[in-house]
Amino acid sequence: MNQNTDIRELNALIEQNSQFVVTLKDGMSRTIVGQQHLSEALLIGLLSDGHILLEGVPGLAKTLAIRTLAALVDAQFGRIQFTPDLLPADVIGTMIYSQKEGTFSVRRGPVFANFVLADEINRAPAKVQSALLQAMQERQVTIGDQTMALPDPFLVMATQNPIEQEGTYQLPEAQMDRFMLKVVVDYPSLEEEKSIVRGALSDRFEAPVRPVIDTATVAEARKVVKQIYLDERIEQYVADIVFATRYPDRYKLNELQPLIQYGGSPRASIALAQAARSMAFIQRRGYVVPDDVKAVAHDVLRHRIGLTYEAEATNTAADHIIGEILAKVAVP
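Computed from a predicted structure; not experimentally measured. (Residues numbered from 1 in each chain as written. Predicted model: local features only at pLDDT ≥ 70, side-chain atom pairs only at ≥ 80, totals over all residues. Heavy atoms only, no water.)

(A) Broad picture of the pattern of salt bridges. Within the structure shown, the criterion is met by 14 salt bridges. Its salt-bridge partner being Arg304, residue Asp177 comes within 2.6 Å of it at the nearest N-O pair. On the criterion of sequence distance, the pair formed by Asp177 in the loop between helix H7 (173–176) and strand S10 (179–184) and Arg304 in the loop between helix H12 (290–301) and strand S13 (306–307) is long-range, its members being 127 residues apart. For Arg304, a relative accessible area of 4% translates into the label buried. Between Asp292 and Arg285 there is a salt bridge, with its nearest N and O atoms 2.8 Å apart. Judged by its relative accessible area of 3%, Asp292 falls in the buried class. With a relative accessible area of 17%, Arg285 lands in the buried category. (Salt bridge = Lys/Arg side-chain N within 4 Å of Asp/Glu carboxyl O. Helix = DSSP H or I, 4+ residues; strand = E, 2+ residues; numbered from the N terminus. Buried < 20%, exposed > 50% of the residue type's maximum accessible area, 1.4 Å probe, protein only.)

(B) View of the packing of aromatic side chains. Taken as a whole and assessed by the stated rule, the structure comprises two aromatic pairs. Taken together, a centroid distance of 6.3 Å and an interplanar angle of 45° make the contact between Phe20 and Phe281 tilted. Here the residue Phe20 occupies a position in helix H2 (residues 19–31), and Phe281 occupies one in helix H11 (residues 266–282), the gap between them amounting to 261 residues. Assigned by exposure class, Phe20 and Phe281 land together as buried. Ring geometry for Phe243 against Tyr247: centres 5.7 Å apart, planes inclined by 50°, an arrangement best described as tilted. Here the guanidinium or amino end of Arg285 rests over the ring plane of Tyr287, the centre of that ring lying 5.7 Å away. (Phe/Tyr/Trp six-rings, centres within 6.5 Å; stacked < 30°, edge-to-face > 60°. Lys NZ or Arg CZ within 6 Å of the ring centre and 35° of its normal.)

(C) Expanded view of the pairing of strand S5 (residues 103–108). The buried count for S5 comes to zero of six residues, which makes it a mostly uncovered element. What sits between strand S4 (residues 93–98) and S5 in their antiparallel hairpin is a turn of four residues, with Gly102 showing a positive phi close to 70°. (Pairing = 2+ DSSP bridges.)

Right, dumping it as C-alpha cells:
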C-alpha cells in the first residue's frame with residue numbers, strides 16, 4: 001500500500017472520529033464569547049493528553065472555559081482554589097483515622113478527577129506545587145504507604161494572574177515544563193464585549209452545559225491522533241525550531257543570543273510535534289503541515305525559553321523571540 005493510499009485511509013478515519021470536535025467547539029461558543037484560540041488550545045491539550053496553563057487578567061473567562069469543556073465531556077471534575085495556606089493534603093488527600101474501626105483509611109483529594117482545575121496556581125507555596133507536580137508527571141499519587149493511579153484521562157488545567165505579585169509564588173521552571181501549553185488570554189474585541197454584556201443581561205449564560213461526549217470518545221480520538229503522518233521534513237522543522245531557542249547563532253539569529261538564557265528541552269520538541277498532530281486532527285487532516293507547527297509554536301515554547309536580564313531590561317518577550325525564530329528557520 002503506497003503512502004497516498006495510507007493518507008486517504010487516515011483522512012477517512014479522522015473524518016469518522018473527529019465529528020465531536022465541531023460539537024465541542026459549538027458547545028464552548030454557547031458559553032464563551034470569542035476566545036477561539038483559547039477554545040482551540042483546550043482541545044489540543046485534551047487530544048494530546050497534555051496539561052495546560054492559562055495566563056490572563058481576571059474576568060477573561062479562563063475558569064469558565066475550563067469548567068465548560070469539563071462539563072461537555074461526561075467525566076469527573078475537580079476544582080482546587082489555590083491559596084497561600086493550602087497544604088499538599090488538600091490537593092492529593094490524606095489518611096483519616098477511624099476510632100470506631102481502629103484503622104486508617106485514605107480520603108482522596110480533588111486531584112482524583114479526569115479534569116482538575118488548579119485555579120490561581122501561583123498562589124500556592126512550593127510544597128503544594130510539588131505535590132501537584134508528581135500527579136501531573138507520574139499520573140499517580142502517594143498517600144501514606146499507598147500509591148494510587150489517577151483516572152484516565154487526567155488533565156490539569158491551571159490558571160494564573162500575571163498582574164498580582166503579592167502573596168504569589170512563581171512556578172519553578174521544572175513545573176512550568178510539565179505544562180504542554182501556556183496560553184495567554186487577551187481581552188475580547190469591542191463587538192465581543194458588547195455580546196458578552198447582552199448575554200449576561202439576558203441570562204444567556206445561565207443555561208446548564210450538558211455532556212456531548214464521554215471519555216471513551218476522547219481515548220479513541222487520541223489513538224487516531226497518534227497515527228497522523230509526520231513527515232521527516234516536518235520532524236526536522238520541529239527540531240530546528242527548538243534548537244534555534246538553544247543555539248540561535250547556528251540559524252543566523254545572532255541578535256537573539258544575548259536575550260536567551262536557556263532554550264527548550266527535548267520535552268519541548270515532543271510537545272511541539274504532539275500539538276501539531278492534534279492541530280491537524282482538528283483541521284481534519286491525516287498529515288501535519290508546517291502551518292500546524294507554526295500555529296502551536298508560541299503556546300508550546302513561550303514558557304520554555306528563559307530570558308536574560310538584558311531581555312527583561314529591553315522588555316523583550318519570549319513571544320517576540322519565537323516570532324523571530326519562525327521567520328528565520330527554513331520551512332520545508
